[in-house]
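Observations on the model geometry
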There are 2 protein chains.
Amino acid sequence: MATRRYEQRLRAQSAEQTRRRILDTVYDQLPKIPSVDAVARQAGVARSTVYLVFGSRAGLFDALLRDVSERGGFADLVLAVQDPDPLTHLRGAVVANTRIYGRQRDALVALRAEAASLEGALERMEQGRLGGLIHLANRLDEHGLLAVAKDVAVDVLWTLTGFEAFDALHTGRGLPVDDVAARLLVTAERTLLRVPPAEGARG
Amino acid sequence: MATRRYEQRLRAQSAEQTRRRILDTVYDQLPKIPSVDAVARQAGVARSTVYLVFGSRAGLFDALLRDVSERGGFADLVLAVQDPDPLTHLRGAVVANTRIYGRQRDALVALRAEAASLEGALERMEQGRLGGLIHLANRLDEHGLLAVAKDVAVDVLWTLTGFEAFDALHTGRGLPVDDVAARLLVTAERTLLRVPPAEGARG
DNA sequence: CTGATGAAAGACAAGCTGTCTCGCGAAATG
DNA sequence: CATTTCGCGAGACAGCTTGTCTTTCATCAG
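Described in the following lines is the structure provided in the data block. Everything quoted here is computed from the prediction, not taken from an experiment.

Rules used in this analysis
Residues numbered from 1 in each chain as written. Chains lettered and ligands numbered in written order. Predicted model: local features only at pLDDT ≥ 70, side-chain atom pairs only at ≥ 80, totals over all residues. Heavy atoms only, no water. Helix = DSSP H or I, 4+ residues; strand = E, 2+ residues; numbered from the N terminus. Rg over C-alpha atoms; globule rule 2.2 N^0.38 Å. Buried < 20%, exposed > 50% of the residue type's maximum accessible area, 1.4 Å probe, protein only. Areas by Shrake-Rupley, 256 points an atom, 1.4 Å probe, with all protein chains shown as cover. Least-squares fit on C-alpha atoms with pLDDT ≥ 70 in both. Contact = heavy atoms within 4.5 Å. Buried area = accessible area lost by both parts, 1.4 Å probe. Salt bridge = Lys/Arg side-chain N within 4 Å of Asp/Glu carboxyl O. Polar contact = N/O pair within 3.5 Å; in protein donor to acceptor, adjacent residues only side chain to side chain. Nonpolar A, V, L, I, M, F, W, Y, C, P; charged D, E, K, R; others polar.

1. Thoughts on the overall build of chain A
If you tally the helices and strands in chain A, you get 11 helices and zero strands. Along its sequence from the N terminus, chain A presents helices and strands in the succession α-α-α-α-α-α-α-α-α-α-α. Its C-alpha atoms give chain A a radius of gyration of 21 Å, more than 25% over the compact-globule value 17 Å for 203 residues. Projected onto the principal axes, the alpha-carbon positions of chain A cover approximately 70 × 40 × 30 Å. Residues counted as buried form 43% of the 203 residues belonging to chain A. Within the structure as shown, chain A displays about 11100 Å² of accessible surface, and the carbon and sulfur contribution to it stands at 52%.

2. Considering the relation of the copies chain B and chain A
The two chain copies are related to each other by a rotation about an axis together with a translation along it. Placing chain B over chain A gives an RMSD of 0.0 Å and needs a rotation angle of 180°, together with 0.0 Å of translation along the axis. Both copies of the chain, as the preceding transformation shows, are related through a two-fold rotation axis. Of the interface residues in chain B, 100% have counterparts in chain A that sit at the interface too, so the contact is made through matching surfaces.

3. Regarding the interface of chain B and chain A
At the interface, 25 residues of chain B touch 25 residues of chain A. Between chain B and chain A lies a buried interface of about 2200 Å² when both sides are counted; carbon and sulfur atoms form 57% of it. On the chain B side of the contact with chain A, D155, R173 and R190 of chain B bury the most area, a combined 27% of that side's loss. In this assembly, chain B and chain A are joined by six salt bridges. Notably, a salt bridge pairs D151 of chain B with R183 of chain A, separated by 3.9 Å at the nearest N-O pair. Linking chain B to chain A there are 13 residue pairs in polar contact (both at pLDDT 80 or more). Elements with a contribution of two residues or more to the side of chain B that touches chain A: helix 9 (150-160), helix 10 (163-172) and helix 11 (177-192) of chain B. Looking at which element gives the most residues to the side of chain B that touches chain A, the answer is helix 9 of chain B, with seven residues. Partitioning the side of chain B that touches chain A into residue classes produces 13 nonpolar, four polar and eight charged.

Spelled out as structure tokens, the structure:
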């Protein structure tokens, strides 16, 4: 066998390029959920190459999920979470979260539709959000700001920061992204806080 | 051709029976979303019969949707809506709505997954809910009970009475149906009402 | 009896996923 | 330059699914 050592350079690079080209094609075909064949043809790639690179259709959408969560603007969310004032933290988290959904809407709808074959990968991703919400509820509680029990606060935040709530207002009611954020924020603040901010208050 | 007049009795009756047997089999296979073939086999019916009766796979799930909305306990919701007190109306509507989702959860998840082939039939069904919510918001407003603008109230109610909000708490957070109703009701009341009921208040 | 009808049975086309094999051409190595 | 090694195209094949159509049969109405 005497396997040679193999330092890849151009090979790995071009492999990465085809990988990206396939993923970009998936984005391009959204919101319609494409077949593997349709993706391969539009990407100018053999269908077997898609299976070679991603293993399966589920693997392809799993990669899409990772891509969405790596790219889609989580920096703002991280910034918001680090704010020393828990009220600004709440406001920033709801707004940043909503904007992420707004940018990634088509991909998230597709991923939700593929959820059955994704074996809980979506749910695992959501665990991160839950952890953040528990942290937020703890901070609000420590500052004596909560008007409801802490676990109730977590449940309410869970509902309001989910993609489903966003999409109910955005697609279901036709509201622009910033209006959706406003509605969700008002609901969170008035439900959770002992002393809700006045209407139209600006930070 | 001289087509005869045809009074169906036993024939139509047995046709209705096979129709019901097929629909019941669909319920039986939930929450897994069955293929037409799987339904036909378990119902003891030829696959072609399913197509004869329902026209297509989409037609089958369209019939399931109608069945769900005819059966699933809308009587309580109608009762709640007729209450003279708008606060009881709000409370009854949220609770009855949540209980319907609890009973029909598997079917509704399946229908949501089939939504793409249902051509907006789900959305059309939701129009009824929206109408009821607008009516509720109007009544609350007329009694001077609203703490937010009427259209905001509609949007908030729309989010909280949607199946997605229910499922986020029930499946996502593992809460029993009555706890879900309590969380949603607290959120609705504290967000919408000028003077929210005290915690633990009983009607 | 005779025509109409509910329903089974099954062939067929088309689209999808998934696996596997063959082979070319280009890059990496010595 | 010769030899590996790897990326990838091409395509066959199996299996599952939806959807259409034809043939056949038993039963019920008049």
